[in-house]
Each structure stands twice: as C-alpha cells, then as structure tokens.
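Okay, here's what each chain looks like letter by letter:
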Amino acid sequence: MKTRTGPKPGKKNEKRPLGIPAVKDRVVQQALLMVLEPIYEHRFAEHSYGFRPGRSCHDALRRVYGQLVDGHHHVVDIDIKGYFDTINQDRLLKLVEEDVADGAVISLIKQFLKAGVLEEDGKMEPTDTGTPQGGVISPLLSNLYLDELDHRMETDGYAMTRYADDMVILCRSHEEAEKVLESGCAWMESVQLTLHPEKTRIVDMSQPEAHFDFLGYRFKRSRRGKILRLVRPKSVSKIKDGVRKGTKRCNGHAMEEIIRRINPRLRGWFGYFKQVHESVHQSMDGWVRMRLRSIYRKRQKKRGRGRGTDHHLWLNQHFTELGLFNLRQAKAEAISLHSGGNC
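Quantities reported herein were computed from a predicted structural model and do not represent experimental measurements.

How should I be thinking about the overall build of the protein chain in this particular structure?
When helices and strands are counted, the protein chain shows 14 helices and 11 strands. Summarising its shape, the C-alpha atoms of the protein chain cover approximately 70 × 50 × 35 Å along the three principal directions. The contacts in the protein chain between residues at least 6 apart in sequence include a share of 65% that link residues at least 24 apart. Accessible surface, the protein chain: about 18,100 Å² in total, of which carbon and sulfur atoms supply 50%. Side chains of the protein chain give 59 positive and 44 negative charges; the mean places of these two sets differ by 13 Å.

When you look at the environment of H58 in this model, what are you seeing that I'm missing?
Residue position: H58 is located in helix α2 (residues 57-69). Relative accessible area serves as the criterion here: at 14%, H58 is assigned to the buried category. Along the primary structure H58 and Q275 are separated by 217 residues, whereas in three dimensions their C-alpha atoms are 7.9 Å apart. Once residues within four sequence positions are removed from consideration, H58 is found in contact with Y217, G271, Y272, K274 and Q275.

How should the nonpolar core be read in this particular structure?
Ranked by size, the top nonpolar core spans 93 residues in total, and within it I109, F212 and L292 carry the most contacts. Broken down by element, the residue count for this core peaks at eight residues, all from helix α11 (residues 278-299).

Would you mind going over the pattern of salt bridges with me for this structure?
For side chains of opposite charge, pairing can occur when their charged atoms come near one another. Throughout the structure, instances matching the rule amount to 16 salt bridges. Between R55 and E46 there is a salt bridge, with the nearest N and O atoms lying 3.0 Å from each other. Looking at E46, the relative accessible area reads 53%, which means it is exposed. Across the pair D213 and R218 runs a salt bridge whose closest N-O atoms are separated by 2.7 Å. With a relative accessible area of 26%, D213 lands in the partly exposed category. In this structure R218 comes out as buried when scored by relative accessible area, which is 19%. One salt-bridge network, held together by shared partners, links R43, D99 and D147.

Sorry if this is basic, but what is going on with the packing of helix α1 (residues 23-41) against helix α5 (residues 103-113) here?
When two helices pack together, their arrangement is given by the angle between their axes and by how far apart the axes lie. Close contact between α1 and α5 brings their axes to 11 Å; oriented N to C, the two are set at 130°. Relative to α5, α1 is oriented oblique. For α1 against α5, the interelement crossing comes out left-handed. Residues D25, V28, Q29, L32 and L36 of α1 pack against V105, L108, I109 and F112 of α5.

Help me out: how do you make sense of unusual backbone geometry in this one?
Both trends apply: most residues other than glycine have a negative phi, and most peptide bonds are in trans. The backbone of A164 sits at a positive phi, close to 60°, despite the residue not being glycine. Tracing the chain through its elements places A164 in the loop between β6 (159-163) and β7 (166-171). In this structure, K301 takes a positive phi of about 60° despite not being glycine. Position of K301 among the secondary structure elements: in the loop between α11 and α12 (310-313). On the accessibility criterion, K301 (78% relative accessible area) is exposed.

Explanation requested: the pairing of β7 in the structure shown.
A regular strand places its side chains on the two faces of the sheet in alternate fashion. Most of β7 sits out of view: five of its six residues are buried. Relative to β7, strand β3 (residues 74-79) is paired through six bridges, and the arrangement is antiparallel. Opposite H74, over in β7, you have C171 as the bridge partner. When β6 meets β7, the two strands line up antiparallel, connected through five bridges. Paired with M160 across the bridge in β7 is I169. Connecting β6 to the next strand, β7, in antiparallel fashion are two residues, including A164 with a positive phi near 60°.

Can you help me understand the pairing of β6 in this one?
For β6, a buried count of five out of five residues is recorded, marking the element as mostly surrounded by other parts of the structure. Covered by surrounding structure in β6 are A159, T161 and Y163 together with M160 and R162, the residues of both alternating faces.

Rules behind the numbers
Residues numbered from 1 in each chain as written. Predicted model: local features only at pLDDT ≥ 70, side-chain atom pairs only at ≥ 80, totals over all residues. Heavy atoms only, no water. Helix = DSSP H or I, 4+ residues; strand = E, 2+ residues; numbered from the N terminus. Contact = heavy atoms within 4.5 Å. Areas by Shrake-Rupley, 256 points an atom, 1.4 Å probe, with all protein chains shown as cover. Lys, Arg positive; Asp, Glu negative; His and termini not counted. Charge placed at Lys NZ, Arg CZ, Asp CG, Glu CD. Buried < 20%, exposed > 50% of the residue type's maximum accessible area, 1.4 Å probe, protein only. Core = buried A, V, L, I, M, F, W, Y, C linked by side-chain atoms within 4.5 Å. Salt bridge = Lys/Arg side-chain N within 4 Å of Asp/Glu carboxyl O. Axes fitted to C-alpha atoms, helices over the stretch in contact; angles between N-to-C directions. Parallel < 35°, antiparallel > 145°, perpendicular 65-115°, else oblique. Left-handed = near helix turned anticlockwise from the far one by under 90°. Pairing = 2+ DSSP bridges.

The structure is reproduced here in structure tokens:
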C-alpha cells in the first residue's frame with residue numbers, strides 16, 4: 001500500500017494519514033470487503049448510514065430532520081477528535097476476530113492497518129494506531145469500531161444518527177441530553193477515543209436562532225419557530241471559491257463558455273444540498289448571476305459588481321437562455337417528483 005500525508009479540509013496547517021492502495025492492494029481489499037461486508041451488514045444498527053450499501057448522507061439528513069420536527073429538540077452534537085487516526089488497532093482486530101476465524105484474513109487486515117505513512121521527507125512512519133483514510137476496507141472497519149456504541153444508544157431508546165464519525169443524538173429533554181452526553185463520554189474514554197471539548201455540545205433547538213451542523217448542512221430554528229435546513233458557512237464558501245475562479249471579471253471567454261464551465265460545480269453542489277430551504281438556492285442563483293453581470297460590466301469598461309440597473313440590462317432569462325444551471329428551478333422540479341417536498 002502506498003501511503004502519504006494530506007491536508008485536512010479547512011485546516012491548512014494540519015495533516016492526516018491517507019492510505020492510497022496500490023492496484024494489487026486495492027484488488028485484495030475489495031475482495032476482503034466482499035467477504036466481510038455481508039457478515040457485518042446484518043448486525044450494524046439501523047441508524048448507522050456511513051459507507052453502507054443502499055444508504056446515503058441524504059438518508060441520514062432526512063432522519064435527523066424528521067426527529068427534529070417530531071419534537072426531539074435537545075441535540076447532543078458529538079465530535080470525535082481525530083477519529084480515524086486514533087482508533088485502537090488491538091481492539092479493532094479483536095472485534096474482527098469475534099466473527100472471523102480465518103487467520104489469513106486477520107493477517108491481511110493487520111498488514112493494511114500497519115502499512116505506515118510516507119512523509120514528505122521520504123521517511124516511512126509506522127502506524128500503530130488508526131486506520132488509513134482512503135483504504136477500501138477502512139470505512140467498514142471504522143463502522144465496526146463504533147458498533148457497540150450504536151447498539152447501546154439503540155437499546156437505551158435514544159434517537160441517534162451516525163454517518164462514519166459524524167453523529168448526533170436527539171433527545172426530548174435537556175436532562176436526557178446531559179445523561180446521553182455523560183454516557184457517551186464514558187464509552188469513548190473506555191475505547192481510547194477523545195471527544196473534541198469545543199465542538200461536542202448540547203443544543204436546545206427549541207430556542208429561536210439555535211442551530212447545529214451535520215454532514216455539511218445547518219439545521220436552524222427560525223424566529224417563527226420553523227426548523228430550517230440550510231448550508232453551513234464553510235460549504236457556502238467552498239462553492240463560491242470554486243465559482244469565483246471561473247467568473248473573474250477579466251475572463252476572456254464567451255459567456256456561453258463561462259457558463260458551461262461553472263455548471264458542473266453548480267449541479268454537483270445542488271445534488272448534495274438539494275434538501276436545503278429554497279431560499280438558499282434563490283440566494284446562490286442571485287450571487288452567481290451577479291458574478292456574470294460583473295463580467296459584462298468589465299467588458300463595458302465599468303467598475304464594480306453587477307447590481308441595481310444591471311438586472312434590467314441583462315435579465316435573469318438571458319442567462320437561462322445561455323444555459324446557466326438554475327438551482328431554484330432544479331429544487332422546484334425535485335419537489336414535484338417527491339410527495340411532501342422531502343426531496
């Protein structure tokens with residue numbers, strides 16, 4: 001297996017070990033996955049969604065939204081500090097051995113875990129803890145490590161939703177939430193995992209403006225008491241940074257070509273954030289058109305961004321006719337295909 005360190009998203013100065021399997025390793029890991037996945041799929045908890053067949057982020061997000069609407073307003077937002085890097089390999093291997101008796105399989109898994117990390121200076125650092133991110137079999141192993149916690153929460157009747165190491169537990173009272181957090185902290189400590197002290201918290205979603213983030217979405221209580229699905233600021237910044245690169249005012253391409261190049265970004269962003277409130281898509285549509293109008297202004301030797309009367313010079317319909325992907329329209333079409341608007 002080829003391994004290297006890579007930057008953490010949003011954390012320029014921090015790196016994480018990435019397991020990049022060579023072709024032969026990938027084939028072997030895929031074969032192992034095909035053998036192990038059926039063994040564990042039947043035992044994994046219903047509320048575990050990460051990297052499992054027939055399940056997705058959107059399924060997890062719908063579950064959380066439904067529970068909030070149903071009155072589970074006290075949210076235990078759990079953040080495990082460096083989860084994939086700090087998994088106890090001895091405990092993980094013992095968990096595998098409970099269901100797998102083949103010594104050759106255990107030996108292969110152990111080799112994958114201890115493949116090491118190739119640093120920038122060419123030195124190979126050993127990996128005595130954690131499971132390499134990027135490996136074909138790593139998601140299954142990471143789910144197995146947290147499986148006991150999943151079933152504890154399920155047995156105790158708590159509304160937990162987990163996607164890999166991202167998890168929230170929704171409760172009906174603050175007292176229940178405090179009890180869940182205390183229990184969760186104790187379990188994490190018992191398996192050598194650490195909760196992030198600043199990011200792990202209890203959120204009272206019955207309060208106006210209260211919010212928490214999960215899988216890139218932001219769940220927020222509006223002032224009128226409605227639960228809104230929005231986009232967390234970091235995810236908004238990411239799509240805007242990408243669009244900015246393709247819509248610089250000094251852009252020498254034809255407008256049709258500019259639109260053709262940014263459309264894949266917009267379609268991909270919508271594909272993931274299609275569940276958010278339509279106001280988010282409306283706002284993003286307006287921002288994108290502002291960027292395009294600014295290009296027109298530049299070409300007319302005008303300063304500033306495309307605002308005000310520019311809307312009358314270059315109508316929204318103009319960009320639609322040039323093929324610009326419209327997020328708000330895509331949302332309306334998605335709603336029409338799904339009863340209840342829960343797309």
